[in-house]
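# Results of the structural survey
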Amino acid sequence: MTVPVRIDTAVQTGCLEPSVADFFSDDRAAGTVIGTCAAGGAIRLGCDVERQIAIDHGALRFQPLITPGWQRQGIAYGPFRRQAGLVMAVSITNGHNTSQGSPIPEHILRRFHRWAVGPNTDPWPRRLVAWARAPRKKATVRRFLWWIRSTSRTYRLPNHNENLAIGWFSSEAPKDPLVDGCGFIVHAAEGENGELWTRVGERCLSAFRQMKNIEIHYLVALRETGAVYYAAAMEGAHGVAAVPMMRPIAIDPFNTDALVYAGVHQCVLGQIGFRVDTRVHAIQIQRLEDFARPFGTAHAGDSLTGNGTLEDMAELGGIWRVWDGHIHRTGAGASTRDDQAMAILDPGASSGLIHLLVDTGQAAAAAGLVWRARDHENFWLLKVSVEGCDLLRVEQGVETAVASDKQRRLKPNSTHSLQVLDAHGQIGCYLDGDRLFDSWFESEFLEDATCVGIWLNGGGLRLRDFEAHPRAVSMPPEMQFDAPWLRFGEDVEYADDFVGVSGGLAGRAPPKGKHSWERTLGVGFVDVDGIGAARVRGTRESPDPGRSLYTLPWDQSEFADLEVTITPPGSARGQRHYCRAGLVFWQDDANYLTFTTYLDDVYNGASIALFTKRHDFEELYDAVWTMLWKKIDWGKPFQLRIVFDGERFVVFVDGEPIMQRTLKDIYPDDPRLRITRIGLATNWEWGTDTGSEFSAFTARR
């Protein structure tokens, strides 16, 4: 529902003061959030067509829509009058960054059969009784009814590949955030999980892919025209800076909406029947002077307007040095009469976001950005012209063409946005928000060089509003969020290198630890080779028979930090080898969590998935996972580490945090899991393991 009366009143009496701090401390049932007041009095606007928005355990909850689409689920605040320095910050764990609206392939009769039998082949009466006794049976009914209703409709629904929008929009429930306002958009990238977009002019700029399912802080700072985008997460997260720093993601120099609403909007959650809720931890809105000043968080910037030559002090970042030709300031921007001219600034640190506006005339001309410059013979150069775009690497004065794009080009008598992203080992080049060359580039050449600048040749074009931002800047102290939960173990309780006597894993005593391994669940076998590996007894012809758990006793029920190296079987796709190996946290045979790998020929990309068994009942489609693209591959060892306190967990693969949740995100009423055993797991996930190897197992307390 919406609250138009309050909006009309706000418009009539003047826009709201830009001061909102909503930390969702007031529990509210599904369907009762819109229209209520946040702490401080701000009204929660938005839309909740299916009455699925709730607040519990200190966070807003978006539950999956039966009918996906925009203008159906979202929260908003406002309206606010646009002004430079108006900042919206959001801390959120998106349900799945790879969420898509698409048909569910499993037939409903097959679903009934699997639900009754399940991966553990429990007799149906026992499973029915267990579910009836479970504290979350109402939630399970709701989820099952959601699945039936959504399944019945998916055959006639359009596909939705963008699932989340965060930012400033022209209404409290934007019809399509892809063409409205200044916002972040999360695009489903299938095997690469998520792709982060931002609105730039009439386009959505693709900042990076392989965005993992973790808590992320987003910040959108308005300017008099357009906005600047930032993002942050925990240490080691792909594509963003580590809290308390944030990464400048992109600049939009075009949007001019006078009245705006700060909003978080969900289009679709889940994928082919899988589902998990989105959790919004906090939303803050303020006007901040540091973002209101010219160029905001940039460490170099100049409007390039005025009179005289460019060999003078820049507005920010030091003195311009002209390396080639002559560049003149004019009232409309910088220009040159030479065949080519280049000027640079040295802000003293590497730049991660460089932006420039190019105003073209009738005559053919070219312009460009210079970055990673060490001297006049070593730098990177992005050129754009009426003939196309070129990316050049200049080394010892010799130009090397890295890429060329003849489809995208400057247009006569137009204003163009030219920007470069250079952070986390990846270079992206953009014209008016379109990614040039249809690729990102990885190169260490001059990675630590600090000079940035402009390049142009004759003609009637003008360059203006040049700015360069560091690869990371501090989050504003006025808008600090709680750091994402993370705790590592300090004392090693068990360590097993699987060296020594060969044989079955059951009964083996780790070199460090007081107890021996036991097979706690299942009929599969894990064999120790005695030289450093424990191998799942499975082949292509005779795979592992299903879920098997090998565990060790654990006496610290409220925390465990597990780590193991896993080598998937085989050496390449197409060999019919499958990996389903991972780790388990066990309370009893009715309550445990498995975190296992999915690597299979049928899907282009691997994943780590959490399967929860609680109160003797398990729903496969309540699994939570993250796609990992090529981070896990056949024959390639990878390190899986999971820290878990009975409620919160963080999953790492080769040191990168790839999934972060609380169990209450999945089942709000479930109690904490008491950890009584820990260990190794193999699982069924549309197939079973064909011989993965475990090595270097460690359990810390």
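Parameters and conventions
Residues numbered from 1 in each chain as written. Predicted model: local features only at pLDDT ≥ 70, side-chain atom pairs only at ≥ 80, totals over all residues. Heavy atoms only, no water. Pairing = 2+ DSSP bridges. Helix = DSSP H or I, 4+ residues; strand = E, 2+ residues; numbered from the N terminus. Axes fitted to C-alpha atoms, helices over the stretch in contact; angles between N-to-C directions. Salt bridge = Lys/Arg side-chain N within 4 Å of Asp/Glu carboxyl O. Buried < 20%, exposed > 50% of the residue type's maximum accessible area, 1.4 Å probe, protein only. Core = buried A, V, L, I, M, F, W, Y, C linked by side-chain atoms within 4.5 Å. Contact = heavy atoms within 4.5 Å.

## Here we look at the sheet that holds strand β5 (residues 73-81)
The seven strands lie next to each other as β2-β5-β15-β7-β8-β9-β10, forming an open sheet whose pairing is antiparallel. The sheet terminates laterally at β2 (45-48) and β10 (203-211), the two strands that pair on one side only. Adjacent strand axes in the sheet meet at a mean angle of 20° when their direction is disregarded. Bridge count for β2 against β5 is four bridges, and the pairing is antiparallel. Paired with D48 across the strands is Q73, a residue of β5.

## Regarding the pattern of salt bridges
Scanning all chains against the criterion turns up 43 salt bridges. As a salt-bridge pair, D277 and R275 come within 3.0 Å of each other at their nearest N and O atoms. Given the relative accessible area of 0%, D277 is considered buried. Relative accessible area serves as the criterion here: at 2%, R275 is assigned to the buried category. A network of salt bridges, in which partner residues are shared, links D56, R61, R275, D277, R279, R661 and D665.

## A short note on the sheet that holds strand β24 (residues 398-405)
Strands sit in the order β18-β19-β28-β21-β22-β23-β24 across an open sheet of seven strands; the sheet is antiparallel. Of all the strands in the sheet, just β18 (321-324) and β24 have a single pairing partner and so form its edges. Going from strand to strand, the sheet's axes swing by 20° on average, the running direction of each strand aside. In this sheet, strand β23 (residues 388-395) lies alongside strand β22 (residues 378-385) in antiparallel orientation, the contact comprising seven bridges. Note on β23: the bridge partner recorded for L382 is L391.

## Let's talk about unusual backbone geometry
Residue P79 is bonded to the preceding G78 through a cis peptide linkage, with omega at 5°. Note that P79 resides in strand β5. One non-glycine residue, D432, lies in the positive phi region at around 55°. Secondary-structure assignment places D432 in the loop between β26 (426-431) and β27 (434-435). Here D432 falls in the partly exposed class, since its relative accessible area comes to 22%. The backbone of D438 shows a phi angle near 50°, a positive value even though the residue is not glycine. Relative to the assigned elements, D438 resides in the loop between β27 and β28 (451-456). When its relative accessible area of 58% is taken as the criterion, D438 is described as exposed.

## Let's talk about the pairing of strand β25 (residues 415-423)
Counted residue by residue, β25 has eight buried out of nine residues, so it is predominantly covered. As judged from the seven bridges shared by strand β20 (residues 351-359) and β25, these two strands associate in the antiparallel manner. Bridge assignment links L357 to a residue of β25, and that residue is S417. Where β25 lies against β26, six bridges are found, and the strand directions are antiparallel. Bridge pairing in β26 links A423 to Q426. Remark: two residues form the turn of the hairpin made by β25 and β26, two consecutive strands paired antiparallel; H424 in that turn has positive phi of roughly 55°.

## A closer look at the nonpolar core
Counting residues in hydrophobic clusters, the biggest one holds 68 residues, and the most contacted among them are W168, Y218 and V264. Per-element tally for this core: the top contributor is strand β12 (residues 227-233), with seven residues. W168 has contacts with F80, L86, V87, M88, G181, C182, V220, L222, V260, Y261, A262 and I285, leaving out every residue within four places of it along the chain. Judged by nonpolar contacts, the second largest core, of 49 residues, contains W517, L599, V653 and I666.

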